[in-house]
Each structure stands twice: as C-alpha cells, then as structure tokens.
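Secondary and tertiary structure notes
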Amino acid sequence: MFTKILIANRGEIACRVIATAKKMGIATVAVYSDADREARHVKLADEAVRIGAAPSRESYLLADRIIAAAKQTGAQAIHPGYGFLSENEAFAKRCEDEGIAFIGPKAHSIAAMGDKIASKKLANEAKVNTIPGYNDAISGPEQAVEIAKGIGYPVMIKASAGGGGKGLRVAFNDKEAFEGFTSCQNEARNSFGDDRIFIEKFVQQPRHIEIQVLGDSQGNVIYLNERECSIQRRHQKVIEEAPSPFITDATRKAMGEQAVQLAKAVKYQSAGTVEFVVGKDQDFYFLEMNTRLQVEHPVTECITGLDLVELMIRVAAGEPLPLTQADVKRDGWAIECRINAEDPFRNFLPSTGRLVRFQPPEETMFQSDTSKKLGVRVDTGVYEGGEIPMFYDSMIAKLIVHGTDRDDAIHKMRAALNGFVIRGISSNIPFQAALLAHPKFVSGDFNTGFIAENYSQGFAAEDVPHEDPLFLMALAAYMNRRYRARASGISGQLAGHEVKVGEQFVVVTLGAEGQNVHHAVSVTDFEDKSGSSAVMVEDKSYKISSSATLGQVRVQGQCNGLGFTAQVERGPGKNPLALRIAHNGTQIDALVLSPLGARLHQLMPFKAPPDLSRFLLSPMPGLLVDVAVQPGQKVQAGEKLAVIEAMKMENILFAAQDGVVGKIVAGKGESLAVDQVILEFV
C-alpha cells in the first residue's frame, strides 16, 4: 500500500480523497494555485505545493508541475479527482512512465472510453445501441451547421473531452448550431485543453441513468447499481439519487451487465461510470463512459456501504476487489443536492466572493466511514470566511442524505436544506427546495427536460409556494417577541420609556413596489414556563417553541407538535429593521410592529428605485472576454452585446430592447464586479 499520495485537484473532491487517505494511514500532498493558497484542501493535507497562477490552464492543467510536485514530495501515487486532468490519457500515461501510480484507469482505457468520439465507435463495433450522430471531430461552425441539418434538429453539440456540462450546447436551428459550436469549442479549449467537438441527435424527454462500475487488475469487474441523474439544468446535474425511482429490477440488471461487458472490453481498472439515456419504455442507449470518480459518487456509497475512494486506492495498489457482484447491497435511498454559488433569482448567474457565514447542517454520516447509515453528510472544500473564486466551477458543497425509502430521503433533504446557512454570496438552495417540493419530483415523474419545462421563464420566488404561509408570519412574530423580551430585561433603561414586550403585533410583509400586506398577530406565552408561545394569525393558531439563541440564524423548534428548521435574521434585505424568514425555499421580509407603528408605516411614501434601463450592467463578477458592439451602432432586441466568462462558463449578454449604443465603458479583458456598467445606450 502507498504511504503518500498527491491529490491533483482542489475543492471538495480533494478534501474527500484526503478524508479516506487519513483513514487508511496514508499521508497526503495537496497542490494549489494562487487563488487557492488559503483553501480548505491545502489546510487538510499533510503537505502542500504551489503549482501556478489562478487560471486552471496555468496551474491544475499543467501535468509537468503536478508530476514535479509528486517527485519533490515523494508521493508514490496521484489521485486526479474529477475534472481537470482526471480523464487525460497523456497524463495517466505520463504518471505510469514516471513510475507514479495513477489512481484511476490505465491510459489505454481512458483512450478507448474517455474520449467521447472513440467510445462511441467502440460501442458501435461491440454492437451496443448508440444515439445517431456524427462521431468525427468537426472542423468549424459551418460544417457543424451542415451536419446538424443532416441529423435533424434538435442536436447536441458536445466537446470530445468534455465533462461537467462544460463544452455542451443543444441547438434547435442553424443559428444556435453555429453559435453553440463556437462557444463549446472555446469552453473546451479553456477547461480541457482539447477543442474537438462532435454532434449527436438530442433525444427529447429522456432519462439520464448511469451505472457505477468497479474493476481491478485481475480482470474482475462489478457494477454497484445505478444513479438517477435526470434533474439537470443546462446539462449540469442538480439533484442525483440512488436507486432510480423509474427503472425495474430487470432493466437495472440488463444495464449493469452491459456496463460490465463494456468495461471488460477495455480491461477497465478502478471506478468508472457508464452513462445511458433511457426511454419511457425502459429501452436504453449507451451515451459515454466517464473514466473517473463522479461528483455524485456519495449516493452510491450510501446505499452500498462502500468507500469508492478507498477501493480506487486499493485497486491502484494492485489489490483485487474485496467483493463479488453477489455481495453488492442496495439499502435505503440516497439523494444528493449540489449546492452551487449562483443566484437562482437572477437566472442562476455565478456569485463569487467571501463566505461571510457558512454553517452546514449537522453531519451524522461521514465521507470515509460508510458504516454510519441513515443521516446527513456534507462534502465541501470551503469554510466560513473563505473565498469562492471566479476561476473554477461554482460548487460550494454537496449535501447528501440517506433515508429508509425515497419519501424519508426527501423529508430529510428538505430539513437539511432549511438548516444550511450561507451568507456573503448567493446559493441555489431555494431552487433545490422548490424542486424537492414539486409534485412531479415527489412522484418520480420526470426526465432530463424537467427543469426546462417547469421553469422555462427562469426561477422566481413565486415558484416556491409555501404549504402554510401563515406559519412564516407566526414565526416572525414569535421571534420578534423573544427579541423584545430580552431587550426589556436590559438594565439602565430610561424611566417611563422602558421596552414593553406586548402581545398584539402587526406583521407587515414587504412586497415589490411598496405592495405591503398587514396581518394582525397575537403572541401569548404559556404559563408553564416551557418557552412555548401561542401565536394567533388571522383565524389560525400555532404553538411554537424554540431554544434558539438571539442572533443565531438557524432556528430549530417545534410547531404544533412537529419539528421545524428555519432561518431567521434581521436586516439582510433593503429594510434594516425587517426580519427575513426562510423555510422550505420560501423567503419573506417582514416588519413586526405595534398596531400604532403599523398605522404610521402605512403613511410612509414608497421610493421607486432609479431607472437603469439605458445601461448594460454586468450581472455577475467575471472577465469581459468580448464587446460585440461599437459606439453609435444600432442594436435590436436579442442581439449579442458582450460575453462574460465566469466559473469556466461563457455567458452571452443580449440586448433587452432596440436601441443605439452610446459609450463603451468597460474594455475587453477587464475584470468586472456585479452591476458594473459595461456600456451605455443613448
């Protein structure tokens, strides 16, 4: 067994590998870029080596520097994680040539299966059903349009070396095929150093189901059941679960056996994933094989009780698999939510900056201890006070739950999301909460088009209707009364002007454009000194109790005999006196006033925000890679104005209406802040 391994990655996956290595008594070496000098994986590892500047092409994609770091520190093996160099055939071979074990498949397997074009050809030769497409590299956007027309729209434009949603577009017409090819090529070049692109038919209303396989150097290959990964936005997975609520045992067995057959054909060693698209009649087609550990591997670990990272390390050290196909278990149900640094209410634009608060829910399962069952696990590479840099992907953490069945897992996940406190940047937690509450998700009736179909106009607060909105008002009044009770006990108050607690309040929910709603609420403490209060909102009563301390964002307690977790804080919105209440994806800003205060508040005039329609503002922090217009140019609604690169993705800004460009304020290559002016219209 190795005594020291180097992790050629960053973020949560680097921390994940370190956790298992420590359990196995193996020393670890982290590598880091300038942007990651203070990162969590650097602090957790036994040693750390700087490998370059912040952009990944100047650090994490530089094989020479990673090999040099391994030699310098005496690491006998390299774990590549996922992304970056994990599916790079040349890097795997270089490790072998240098006498360093690559904790992943052999270079010949990566060459055969890691390359999307080569894997499709091999699958065809093996008489595996594949989706119609053009499986050779395409020379340019003009050829891409001709091929797309020949296959028939819609088509999927895909980077050969792609992964993680990078270098991937769906085109429904010639214009989208032309522009999509160029964007895919740029993203692929920047993310993977390989700009080859291919095109295939886009199968509408498909399920995305993948089989986890595991092989060793003795020729043994097994499959570890399936993962359901159909909940995707812009081809990036959002929620994954195991098992799938859709496929039958017969389909699971057939898919698993086909995945094993394919892996054996390329003498596959290590963990890998065979991805399938599954039709409504459970007919399935091979898509691709990911020759690495997947982001969503924890859900497989939960239901099988296996540590996949440990098995990868043992296989790389030459050990045989410690189990056979008959030993593979399927216990309970696991769900993973990817918690990303993006603003769901602003079309999921990237959100970077400092994590002012980062308080994940309490963990009851742990990465490297798969014996702990039925609970909550958090895989993350960040910490409170740390930075989310603009140079890498947007993942903050992975939240994983394991329940007895699917309903139990959904219930556990909703509670865990309620207790996940992130401040300083925006996160997609409200969107995750909405998905988990959607009737079609709860019933298991969805496909890869689920998000596009149900949130076609983007995501808004109205998309998360609360099952009991009056509870939010009751909680606001309850917490406000606790604040007042604390304030009333402070010594030295001016005689005749002491803080009075009171029992009658008006909760004013603050709406857009001054559209506020008033609710009369009474709060009465029970005489049994249990800390419980009777709260009456309109004609509905609530008995609420909580031991949460003042200033604590996460509030846990009981309401009418049932447990709840919510988030309560004062002043994060536009009104510094308002309480913000968040629960089950719904958020309200509310003032809790005395009846007199509420009457006076109604007399306050509404101040409209300034009109910024004549400015093009940067919707996110990022790099301005292109300004597509000139001063004096007439533009029409929908015309391309600028391109911003953030978190390895290109974001095109389009004109919202017709106009004439006046002044270009920001220059190409400039780093932009949120709401920074790029150009003005006359």
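Please refer to the structure placed before this passage.
These figures come from a predicted structure and were not determined experimentally.

Examining the overall build of the protein chain
Counting secondary structure elements, the protein chain contains 17 helices and 39 strands. Its C-alpha radius of gyration of 27 Å places the protein chain within 12% of the 26 Å reference for a compact globule of 682 residues. Its C-alpha atoms give the protein chain principal-axis dimensions of about 85 × 65 × 55 Å. Looking at the protein chain as a whole, 55% of its 682 residues qualify as buried. Considering only intrachain contacts with a sequence separation of at least 6, the fraction spanning at least 24 residues in the protein chain is 63%. Accessible surface, the protein chain as shown: approximately 28500 Å² in total, 51% of it carbon and sulfur. Each charge sign in the protein chain was given a centre, from 74 positive and 82 negative side chains, and these centres are 3 Å apart.

Quick look at the side chain of Gln282
Its place among the elements puts Gln282 in the loop between strand 13 (270-278) and strand 14 (284-290). With residues up to four places along the chain from it excluded, the contact list for Gln282 reads Phe246, Ile247, Thr248 and Thr251.

As for the environment of Thr586
The residue Thr586 is located in strand 31 (residues 586-593) in this model. Overall, the relative accessible area of 11% leaves Thr586 in the buried class. Each C-alpha atom, one on Thr586 and one on Ile209, is 30 Å from the other, the two residues being 377 residues apart in sequence. Ignoring sequence-local partners within four residues, the contact set of Thr586 consists of Val464, Pro465, His466, Leu472 and Ile581.

Thoughts on the packing of aromatic side chains
Enumeration according to the criterion identifies 15 aromatic pairs in this entry. The interplanar angle of 75° and the centroid separation of 5.4 Å between the aromatic rings of Phe431 and Tyr455 together place this pair among those described as edge-to-face. Separated by 24 residues along the polypeptide, Phe431 in helix 13 (residues 429-437) and Tyr455 in the loop between helix 15 (450-454) and helix 16 (469-488) bring together distant segments of the chain. Classification of Tyr455 as buried rests on a relative accessible area of 9%. Each member of the aromatic cluster is reached from another via a ring pair, and the members are Phe345, Phe348, Phe431, Tyr455 and Phe459. Across from the ring centre of Phe446, 4.5 Å away, lies the NZ or CZ of Arg207, which sits over that ring. Its guanidinium or amino end placed over the ring of Phe441, Arg406 lies 4.7 Å from that ring's centre, counting from NZ or CZ.

Focus: the sheet that holds strand 15 (residues 333-340)
Spatially, 8 strands are ordered 14-13-10-11-12-15-22-20 in an open sheet, and the strand pairing comes out antiparallel. Edge positions in the open sheet fall to strand 14 and strand 20 (376-380), since each of these has one partner strand only. Across the sheet, the mean angle from the axis of one strand to that of its neighbour is 25°, orientation sign disregarded. Pairing geometry for strand 10 (residues 207-215) and strand 11 (residues 221-233), over 6 bridges, is antiparallel.

Some points on helix 10 (residues 297-304)
A large share of helix 10 lies buried, amounting to 8 of its 8 residues. Positive backbone phi, at 75°, marks Gly305, one or two positions downstream of helix 10.

A few points about helix 12 (residues 406-418)
Every α-helix carries 3.6 residues per turn, so stepping three or four residues along brings you back to the same face. Its 13 residues place the ends of helix 12 19 Å apart at the C-alpha level, agreeing with the 18 Å of an ideal helix rising 1.5 Å per residue. Every buried residue of helix 12 is listed here: Arg406, Asp408, Ala409, Ile410, Met413, Ala416, Leu417 and Asn418. With a side-chain oxygen lying 3.3 Å from the backbone nitrogen of Asp407, the N-terminal cap of helix 12 falls on Asp405.

Definitions and cut-offs
Residues numbered from 1 in each chain as written. Predicted model: local features only at pLDDT ≥ 70, side-chain atom pairs only at ≥ 80, totals over all residues. Heavy atoms only, no water. Helix = DSSP H or I, 4+ residues; strand = E, 2+ residues; numbered from the N terminus. Rg over C-alpha atoms; globule rule 2.2 N^0.38 Å. Buried < 20%, exposed > 50% of the residue type's maximum accessible area, 1.4 Å probe, protein only. Contact = heavy atoms within 4.5 Å. Areas by Shrake-Rupley, 256 points an atom, 1.4 Å probe, with all protein chains shown as cover. Lys, Arg positive; Asp, Glu negative; His and termini not counted. Charge placed at Lys NZ, Arg CZ, Asp CG, Glu CD. Phe/Tyr/Trp six-rings, centres within 6.5 Å; stacked < 30°, edge-to-face > 60°. Lys NZ or Arg CZ within 6 Å of the ring centre and 35° of its normal. Pairing = 2+ DSSP bridges. Axes fitted to C-alpha atoms, helices over the stretch in contact; angles between N-to-C directions. Expected span 1.5 Å × (residues − 1). Polar contact = N/O pair within 3.5 Å; in protein donor to acceptor, adjacent residues only side chain to side chain.

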